[in-house]
Amino acid sequence: MDTLTESAAATASTPAAASPAAALRKLYFLRFAFAAAWAALLLTTAGTLTTLTAVLLVAYPLFDVGCAVADLRSARPEGRPVRGLYVNAVLSTLTAAGLAVAATSGIPAVLRVWGAWAITAGLVQLAVGVARRGLGGQWAMIASGGISTLAGASFIAQAGGADASLGALAGYAFLGGVFFLVSALRLGRTGGGAKG
């Protein structure tokens, strides 16, 4: 659910708008596939914090940075960069570093860092989805941003409990991937011209 990227408010009736929608569609499919695979791998190690688990935890926000960079390259209408992408890249880079440190302290520390990321990234994703709604397929991204914010708060709360586990992160990632899939399918169906 982590953050998406922001594109300009281009109209869907122009050829320029079709290109960002097509690029987003491919990126959303990729994000779904990654999230599903990542969630499955994390579930196999969620009970303990191993080296493999730590690598998986750091890989997720780094993948998010890569997606932001890819989106930046395709979403620069009229040569203007988009701020949401930069915010996303910075948040995800800081999160990767934070998770690397938190993984040495235990599951509660990981949940706190992930929770803070989910909250901030969710707010950015929500704003980006609203800004991008002219491309179509964004209602799922808007909902995903809101859910991410709430999930982040629950991760932070869970960190203080006796039942702290990384299993919830796998569910969070998979659900975020499903939202990307829904948006990709909707972008393909609408050709980027529908609202929402």
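Quantities reported herein were computed from a predicted structural model and do not represent experimental measurements. Starting afresh in each chain, residues are numbered from 1 along the sequence in its written order. Where totals are concerned, whole chains, interfaces and linings use all residues; where local detail is concerned, this predicted model gives features only for residues with pLDDT of at least 70, and gives and counts side-chain atom pairs only at 80 or more. The side-chain figures draw on all heavy atoms in the structure; neither hydrogens nor water molecules are used.

1. Structural notes on the overall build of the protein chain
Condition: By definition, any uninterrupted DSSP run of H or I lasting at least four residues is a helix, any uninterrupted run of E lasting at least two residues is a strand, and each is numbered from the N terminus. Exposure classes here rest on a 1.4 Å probe applied to the protein chains alone. A residue is buried below 20% of its type maximum, exposed above 50%, and partly exposed in between. Residue contacts are counted whenever heavy atoms from the two residues lie within 4.5 Å of one another.
On a plain count of helices and strands, the protein chain comes out with six helices and zero strands. Written out in order from the N terminus, the α and β elements of the protein chain read α-α-α-α-α-α. Out of the 196 residues belonging to the protein chain, those deemed buried represent 46%. A separation of at least 24 residues holds for 81% of the contacts in the protein chain among residues at least 6 apart in sequence.

2. With respect to the confidence of the model for the protein chain
The following threshold applies: pLDDT gives the predictor's per-residue confidence on a scale running from 0 to 100.
The share of residues in the protein chain with pLDDT of 70 or more is 79%, and the mean pLDDT across the chain is 82. Note on residues 3–18: pLDDT is under 50 here. Beyond four places in sequence and across chains, it has 46 contacts. pLDDT under 50 marks residues 192–196. Its contacts with residues more than four places away, or in other chains, come to 24 contacts.

3. Quick look at the packing of helix α3 (residues 83–102) against helix α4 (residues 107–131)
Defined as follows: Every angle, taken between N-to-C directions, lies between 0 and 180 degrees, and every axis is a line fitted to C-alpha atoms, over only the stretch in contact when it is a helix. Should an angle lie under 35 degrees it is considered roughly parallel, over 145 roughly antiparallel, and from 65 to 115 roughly perpendicular; all remaining angles are considered oblique. Ten residue types, Ala, Val, Leu, Ile, Met, Phe, Trp, Tyr, Cys and Pro, are classed as nonpolar, four, Asp, Glu, Lys and Arg, as charged, and the remainder, Gly among them, as polar.
Close contact between α3 and α4 brings their axes to 9 Å; oriented N to C, the two are set at 175°. The angle between α3 and α4 falls in the class roughly antiparallel. Two secondary-structure elements touch here, α3 through Gly84, Val87, Leu91, Ser92, Thr95, Gly98, Leu99 and Ala102 and α4 through Ala109, Val110, Val113, Trp114, Trp117, Thr120, Ala121, Val124 and Val128. Residues belonging to the contact of α3 with α4 are distributed by class as follows: 12 nonpolar, five polar and no charged.

4. Regarding the side chain of Thr53
The test is simple: The term polar contact refers here to a pair of N or O atoms within 3.5 Å; inside protein, the definition further demands a hydrogen-donor-capable atom paired with an acceptor-capable atom, and it admits residues adjacent in sequence only when both atoms are side-chain atoms.
Among the structural elements, Thr53 can be located in helix α2 (residues 51–74). A relative accessible area of 0% places Thr53 in the buried class. Within the structure, Thr53 has its side chain in polar contact with the backbone oxygen of Thr48 (distance 3.4 Å). When residues no more than four places from it in sequence are discounted, the contact partners of Thr53 are Leu42, Thr45, Thr48 and Leu166.

5. Quick notes on the packing of aromatic side chains
As a reminder, the rule being used: Centres within 6.5 Å make a pair out of two Phe, Tyr or Trp rings, where for Trp the six-membered ring is used; the pair is then stacked when the planes are under 30 degrees apart, edge-to-face when over 60, and tilted otherwise.
In the structure shown here, the tally under the stated rule is 11 aromatic pairs. Ring centres of Tyr28 and Phe180 lie 5.4 Å apart, and the angle between their planes is 55°; this geometry places the pair in the tilted category. With Tyr28 in helix α1 (residues 15–45) and Phe180 in helix α6 (residues 167–190), this pair connects stretches of sequence that are 152 residues apart. Residue class for Tyr28 comes out buried when judged on its relative accessible area of 0%. According to the relative accessible area criterion, Phe180 is buried, its value standing at 1%. Their ring planes at 10° and their centres at 3.8 Å tell us that Phe34 and Phe63 sit as a pair that is stacked.

6. Digging into α2
Quick note on the threshold: Helices are assigned an expected span. That span is 1.5 Å times one less than the residue count.
Across its 24 residues, α2 extends 35 Å between first and last C-alpha, which sits within 8% of the 34 Å expected from 1.5 Å per residue. Sitting at the head of α2, Thr50 places a side-chain oxygen 3.4 Å from the backbone nitrogen of Leu52.

7. Observations concerning the nonpolar core
The condition is simple: Throughout, nonpolar core names a set of buried Ala, Val, Leu, Ile, Met, Phe, Trp, Tyr and Cys residues whose side chains join them through atoms within 4.5 Å.
Among the nonpolar cores identified, the biggest contains 30 residues, and Trp38, Leu57, Val110, Trp114, Leu166 and Leu169 are the most heavily contacted of them. Those elements that provide at least two residues to this core are α1, α2, α3, α4, α5 (139–159) and α6. No other element matches α4, which puts eight residues into this core. What Trp38 contacts, discounting residues up to four positions off in sequence, is Leu56, Leu57, Tyr60, Trp114, Leu169, Ala170 and Ala173. With nine residues, the next largest nonpolar core counts Ala21, Leu24, Phe179 and Phe180 among its residues.

8. So, the packing of α2 against α4
Put simply, the test is: Crossing handedness is read from the near helix: turned anticlockwise from the far helix by less than a right angle, it gives a left-handed crossing, and turned clockwise, a right-handed one.
Relative to each other, α2 and α4 sit at 15°, their axes nearing to 12 Å. Considered as vectors, α2 and α4 are oriented roughly parallel to each other. For the crossing formed where α2 meets α4, the hand is left-handed. For the pair formed by α2 and α4, the contact residues are Leu57, Tyr60, Pro61 and Asp64 on the first element and Val110, Trp114 and Trp117 on the second.

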